[in-house]
Each structure stands twice: as structure tokens, then as C-alpha cells.
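Architecture and fold: a report
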Amino acid sequence: NGGTVTGGGTYQQGQSCTVSATANAGFTFTNWTENGSVVSNQANYTFTVNNNRNLVANFQAQPQNYTISVSASPTNGGTVTGGGTYQQGQSCTVSATANSGYAFTNWTENGNVVSTNANYTFTVTGNRTLVANFTVQSYTISVSANPALGGTVTGGGTYQQGQSCTVHATANTGYTFNNWTENGNVVSTNANYTFTVTGNRTLVANFTQQQFTITATADPTSSGTVTGGGTYNYGQSCTLTATPAAGHEFINWTKNGQQVSTNSTYTFTVTESATYVAHFQLQSFVVTTTANPVEGGVVTGGGTVHYGNTVNIQASPNAGYNFVNWTENGEVYTTDPNFSVIVFSNRNFVANFEVQTFDVQVSIDPMDAATVTGEGNYNYGDEVTLTLTRNEDYRFVNWTEDGEVVSEEMTYIFNITSDRNLVANFIYTEGVGENSISANIYPNPTQGEITVESEGLSHIRIVNAYGQTVYNAEVEGQQVRIDLSQMAKGIYMMHIEANGGQAVRKIVVE
């Protein structure tokens, strides 16, 4: 492969022949030899043909210089070495070193990949133009939240060298953002952290759980105790407990004046600082007062009473009843109708009354005028019936008590409300029935003068309700006028005598 030769062929005796040797690339012509002996040093050898000849053109390999060109794509992607002039067959190594932010990809020649090694070694056989290809390096920006519930983070991902990256931290409710750290070192205190990407980064957004102060107070301060106040993390459960002091009771919990619970133990989730007030009030107890029997009397002083207060209790018997005692749970508490008690619990007092008994006594005036039934002892309000049985010679006048007329009926019925001492008044009328006369009296009732008419009037006597004679006169004629204007109002009995006979009439002075 050292070169090409021409000029060989068939020649006639004595004919001139020229053989030519042309060296191939990388070779040089040395000489022509025949049977190992040099016959010419000229590439073009001319001689006269005298016989057959076998000529050899000898070539010697000549070292060839080749240019190896190297370049980087992009130019700022890295540096390349190893290019230059090399002899044919020499070994050549080209090297590609990526700049910061770039990575070596491959070597190409005329767009074709010839190696993926940054150090590419080959034997030089010709000129070569090699390109070291680089790509911008990509980095991973990892972001996370600490604690995970503290907030959300964005902005992480894959970025190229030199690219700007902004990571964002947003605190969840109940948390605040503190800082960004990398490998435990603070790199920013801004929730939005912007930087130029030069490598992989692992960034942590640190959050702090918000803390709130829960204040618990009692109102009034001496009315009870409260527990559970203090410092709490956002979202933490808080339990407030209100314990009333002796004689007090819990009402409710309020916040900013608004009721939030009526339970003495109040549990809620903390989302803000707040003041809670436990409201107490003096315990109220019911003091019940009743009468036994109900109609026996009037009781006062019962009702709703605050703890430790004094209540005055009174019992007033109704007419016809006597107060006996106060009892509680069947036990005698006091025999005083009016008493005071300090209240520490519910009380139930019963005022016990007993019905009064009264005596009914009857006197007959005159004593032998009649008999009576119905006397004796009666309970207050009982109905009493007094029945008179008149003797023949007496006429019933009325019932009186303490000198006052109470009834003009022989049978006297009343409801007893006090002791009664009654007098049944009669007038002796012996012979009146046999010698009765006719007599007219008018006006009756009268407010002053009264007129009596009867044949042969001779005597008129007027008796009051007590049997006392208040008028007594001898009269004559058939008509008599009597002035009664000075008499007390009431019922009177007029005894009239005329023509040997008599009559008894009731008159009323108004």
C-alpha cells in the first residue's frame, strides 16, 4: 500500500521502457530493485528492454502530521484539552472538563457521537474535528415544613445552574414562620427566600406553634375557685373548672360578656388568648310554709332565700282555730307562732292549728217558761240549732245575748264562732187566751208616735227585750197615742188591757 506503479508490460527486444512509481499518502519512494539489487533511485526508471525483467518499486512509510481540533459546546460549558498536531498512528487523548453548573455529555464529530467518556483516546489516522458537548447542570431544591402541620411550603423542584429560585413558606392557622434552615443553619428569616441555584439544596421551613394565654377568674372573687387557666398551644384542649364556695352555686362561664357554657367544667379548643369568667351566686333555698289544716290559719315567711340569710316565719290562726306548733319532717320545731331561722338548706315547716271549741249556754226567762235543746260544746263553724218547747202559759218573745236581740224565732239556728250565752225570753200570758181582745196598732214599725185602738182601753204596758217595763200607763177611750221617740231602737212587747180582756202585740221602734 506504499504506492502505485506503472510501465510494466510486454516490450520488444531493444525497445525503451519507463516504469513509474507514485507513493501513496504517508509514503515516499525509495528505489527500484531487481532481484534485491537496486537498479534505480528514480521514481521514473527508463531502460532498453533486452530481456524479461521483474522490477520492484520500494516505498518507505513517511510519518504524516494530522491536526486534531477540539472545542466545547456551549463554549462556557467547560474546557477541552488534547487537540493539536499528531503524526499518523500516534495515540491521542482529548479531555473535557465541565465548568461549574455544567455536566459533560459526549464527544461528537460531524454531529455523530464518537465517545461518552470525558477522556477520549484514539489512534490518529487523519485530521479530526471533535466537539465536547456540555449541558447545563440541573439541581434539586427540596423543601419541607417543620413541623409538618406548621404550614405549607412551595418552590421546590428541579432548577438549572444559575437559575433564580424562590421558596415560599405559609404558616397554617395557629403557627408562625420562624426561618429557613439548611443542615441546621439558618439561611433566611424571610418566608419568601430567593437565591441563585448553584447546587442541590435541602431547605426546611421552621414554624412555631402559637401560644395563647387563657385567663380564668371568679365573679364574685370570693364566691368560688377556678382552675385551668394558663398558656396553651394553638389547637390544644383547655378545660376550665369552676368550684363554688360554701353557700354558692355556679351560674355560667362568659367570654367578653357572652355566655359560653352553663357547665361548671368547660372544655374548648384554644385558638386565641381570652379571659373567661365563672359566675357564681349565693345558693337559693326554698323555705316552704304550709298550714295544717289549710283552713286553720295563714302562714308567711316562706319563699326562696339565699344561703345564710335569715327568714322570719309567722303563723296566724284563722278565726275559730288555735295555733299549736311548727313541725318539720314530723318533728316539733317550735311552739312559737313566730320565729326566725338562718337558711342553709331547703326547709319545710308546717304550722299546725286546731279548731276552737265553744260552749253554748241557754237561760230561760222566766225559768219555767220553756225547755231548750241544743246546748253544749261545738267546734268553730258548726251549725247550732236551739229548739224551745214553750209552756202553755208563756208566749215567746225573742233570743237575747248580752242584752241584744239576736233572734225572734223560737228555733234559733246559727254557726258558732265564739262562746254563746243566750237568753230565751218569754212573757207570762196566763188567761190571755181566754180573754183575748181585738186591738189595732199603727204605724208599726214606728219612728216616734204609735196609735193603739181597742174598745174600752184601760191599761198599756211596754216591755223591752230584756223583760224590763219601759212604759206603763192607765188609759181611757178607744184610741190612745203614745210617743216612743225617746225609746231605743229595737223590738218591744206591748201588753194591752181593755173591757176586762188583754192582748199582746210586738212593736218595732226604728
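Basis of the calculations
- Residues numbered from 1 in each chain as written.
- Predicted model: local features only at pLDDT ≥ 70, side-chain atom pairs only at ≥ 80, totals over all residues.
- Heavy atoms only, no water.
- Helix = DSSP H or I, 4+ residues; strand = E, 2+ residues; numbered from the N terminus.
- Buried < 20%, exposed > 50% of the residue type's maximum accessible area, 1.4 Å probe, protein only.
- Areas by Shrake-Rupley, 256 points an atom, 1.4 Å probe, with all protein chains shown as cover.
- Pairing = 2+ DSSP bridges.
- Axes fitted to C-alpha atoms, helices over the stretch in contact; angles between N-to-C directions.

1. What to know about the overall build of the protein
- Helix and strand content of the protein: zero helices and 53 strands.
- Seen through its C-alpha atoms, the protein measures out along the principal axes to roughly 240 × 45 × 35 Å.
- Taken over 510 residues, the protein has a buried fraction of 37%.
- Per element, the accessible surface of the protein, about 27,400 Å² overall, is 42% carbon and sulfur.

2. A closer look at the sheet that holds strand 10 (residues 91-98)
- Spatially, three strands are ordered 8-10-13 in an open sheet, and the strand pairing comes out antiparallel. Each edge of the open sheet is held by one strand with a lone partner, namely strand 8 (78-81) and strand 13 (119-123). Each strand of the sheet is rotated relative to its neighbour by a mean of 15°, with strand direction disregarded.
- By the bridge criterion, four bridges tie strand 8 to strand 10 in an arrangement that is antiparallel. For threonine 81, the partnering residue across the bridge sits in strand 10 and is serine 95.

3. With respect to the pairing of strand 14 (residues 128-136)
- With six bridges joining them, strand 7 (residues 65-73) and strand 14 adopt parallel strand pairing. Each bridged residue has a counterpart across the sheet, and for alanine 72 the counterpart in strand 14 is alanine 132.
- Sheet analysis places strand 11 (residues 102-109) next to strand 14, joined by six bridges and oriented antiparallel. Pairing of alanine 103 across the sheet is with threonine 135, part of strand 14.

4. Quick look at the environment of valine 143
- Tracing the chain through its elements places valine 143 in strand 15 (residues 138-146).
- On the basis of relative accessible area, valine 143 is assigned to the partly exposed category, the value being 23%.
- Each C-alpha atom of the pair valine 143 and alanine 465 lies 125 Å from the other, and the pair is 322 residues apart in sequence.

So yeah, pure geometry; function would need other evidence.
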